[in-house]
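What the coordinates show
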Amino acid sequence: MIDSHCHLAGEEFSGDLNDVITRADAAGVKSALCILESENGAEVSRAAVIREAWPAARFATGVHPHHAGPFAGEPARAVEIVRGALEATGACAVGEIGLDYHYDFAPRDVQQAIFRAQIDLAAERNLPIIIHTREAAADTFRILRESGCSRAVFHCFTGDLAMAREALDLGFSLSFAGIVTFPKAEALREVARQTPLDRMLCETDAPYLAPVPHRGKRNEPAYVTRVFETLAELHGLTREAMVARIRANFTDLFG
Ligand SMILES: [Zn+2]
Ligand SMILES: [Zn+2]
């Protein structure tokens, strides 16, 4: 299994990284895609520590919409920082990038400019993007269309069926996190049921969003197994068959 989105370079894991990786391995989770904040030098440099401890780990980096504010009026500066982080870490994707109108930590026009600039950088480098979007679906789709973006995954997808269809129609993938295991998430399980098998990924978004029965604790890559099991159940497949599918999807998108 692979955890397609986690933040292992975050402070939350600095004390027991090796134990976290050992538990992942014991659970059958053999790799993870670690998201690095490009403008956070300490986090970017921890990629080397993770690679040393977990050679199969992969990386993606970008400027999160929460951190777009300091780049107001300077999208080119953001791009140069992301470019540097991509090169320093050998990242296989630009992300997570996007729009977050729930928290609005940065002005919306600034979030949009920084999102757009990073989509263009990904196109220039022939890399897929990892999208974070919250309460901003219309602007997210508008910008993706205008940019001609064709390779992307919506991480931690929690949208409704209409939003899922729009993303799938544009050729994008949907990544499901532990939320799909929550008792009240029947609508999201229906979205997962209707998502084609070749367009889905599984993630933890660790340290956030622990699945049942770990809710409320720090999340970690080992717990992605529950997401695989839930998706397998929804599609009437064995876990092994779902794992093989998602491995192929991951390789298709990230190489
Ligand atoms: Zn996110
Ligand atoms: Zn994330």
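Let me sum up the structure you'll find in this document. (Residues numbered from 1 in each chain as written. Chains lettered and ligands numbered in written order. Predicted model: local features only at pLDDT ≥ 70, side-chain atom pairs only at ≥ 80, totals over all residues. Heavy atoms only, no water.)

**Section: the overall build of the protein chain**
Of the regular secondary structure elements, the protein chain holds nine helices and eight strands. In summary, the protein chain has a C-alpha radius of gyration of 17 Å against a globular reference of 18 Å for 255 residues, a match within 12%. With respect to the principal axes defined by its C-alpha atoms, the protein chain has extents near 50 × 40 × 30 Å. Burial status across the protein chain gives 55% buried among its 255 residues. If you take every contact in the protein chain between residues at least 6 apart in sequence, the share linking residues at least 24 apart comes to 71%. For the protein chain, the accessible area works out to roughly 10,500 Å², and carbon and sulfur atoms hold 51% of it. In the protein chain, the 26 positive side-chain charges and the 35 negative ones have mean positions that sit 4 Å from each other. (Helix = DSSP H or I, 4+ residues; strand = E, 2+ residues; numbered from the N terminus. Rg over C-alpha atoms; globule rule 2.2 N^0.38 Å. Buried < 20%, exposed > 50% of the residue type's maximum accessible area, 1.4 Å probe, protein only. Contact = heavy atoms within 4.5 Å. Areas by Shrake-Rupley, 256 points an atom, 1.4 Å probe, with all protein chains shown as cover. Lys, Arg positive; Asp, Glu negative; His and termini not counted. Charge placed at Lys NZ, Arg CZ, Asp CG, Glu CD.)

**Some remarks on the coordination of the zinc ion (ligand 1)**
Surrounding the zinc ion (ligand 1) are the protein donor atoms Glu 96 (OE), His 132 (ND1) and His 155 (NE2), which sit 2.0 to 2.1 Å from the metal. Here the zinc ion (ligand 2) and the zinc ion (ligand 1) are spaced 3.6 Å from one another, each receiving a donor from Glu 96. One end of the pair, Glu 96, is in strand β4 (residues 93-100); the other, His 155, is in the loop between β6 (152-154) and α6 (161-169), with 59 residues separating them in the sequence. (Donors = N, O, S within 2.8 Å, 3.2 Å for Na, K, Ca; no water.)

**Structural notes on the pattern of salt bridges**
Per the stated rule, a full pass over the model turns up 19 salt bridges. Among the ionic pairs, Arg 23 bridges to Glu 220, the shortest N-O distance being 2.7 Å. Here Arg 23 is found in helix α1 (residues 17-27), whereas its partner Glu 220 is found in the loop between β8 (200-202) and α8 (224-234), with 197 residues between them in sequence. Judged by relative accessible area, which is 4%, Glu 220 ranks as buried. A salt bridge links Glu 186 to Arg 189, with the shortest nitrogen-to-oxygen separation between them at 3.2 Å. Remark: Arg 189 and Glu 186 occur in helix α7 (residues 186-194); sequence separation between them is three residues, near one turn of the helix. By relative accessible area, which is 13% here, Arg 189 ends up buried. What emerges from the salt-bridge pattern is a single network uniting Asp 16, Arg 23, Arg 218 and Glu 220. (Salt bridge = Lys/Arg side-chain N within 4 Å of Asp/Glu carboxyl O.)

**Observations regarding the pairing of strand β1 (residues 2-6)**
Most of β1 sits out of view: five of its five residues are buried. Each parallel crossover has a hand, and the one from β1 via α1 to strand β2 (residues 31-37) is right-handed. (Right-handed = clockwise from strand over helix to strand, strands pointing away.)

**Looking at unusual backbone geometry**
In this model, Gly 95 is joined to Glu 96 through a cis peptide bond whose omega is 0 degrees. Of note, Asn 126 is a non-glycine position whose phi angle comes to about 55 degrees, a positive value. The phi dihedral of Asp 205 falls on the positive side, at around 60 degrees, and the residue is not glycine. Mapping Asp 205 onto the fold places it in the loop between β8 and α8. Exposure remark for Asp 205: the relative accessible area of 9% places this residue in the buried category.

**Remarks on the coordination of the zinc ion (ligand 2)**
The protein atoms that coordinate the zinc ion (ligand 2) are His 5 (NE2), His 7 (NE2), Glu 96 (OE) and Asp 205 (OD), at distances of 2.1 to 2.3 Å. Given four donor atoms and angles of 88 to 177 degrees at the metal, the environment of the zinc ion (ligand 2) is assigned as irregular. In this structure Glu 96 comes out as buried when scored by relative accessible area, which is 4%. (Tetrahedral: all angles 85-135°; square planar, octahedral: opposite > 155°, others 65-115°.)

**Looking at the packing of aromatic side chains**
Here the structure, examined in full by the defined rule, presents six aromatic pairs. Relative to Phe 154, the ring of Phe 141 has its centre 5.5 Å away and its plane inclined at 35 degrees; by these criteria the two rings are tilted. On the criterion of sequence distance, the pair formed by Phe 141 in helix α5 (residues 137-147) and Phe 154 in strand β6 is long-range, its members being 13 residues apart. Residue Phe 141 is classed as buried on the basis of its relative accessible area, which comes to 2%. (Phe/Tyr/Trp six-rings, centres within 6.5 Å; stacked < 30°, edge-to-face > 60°.)

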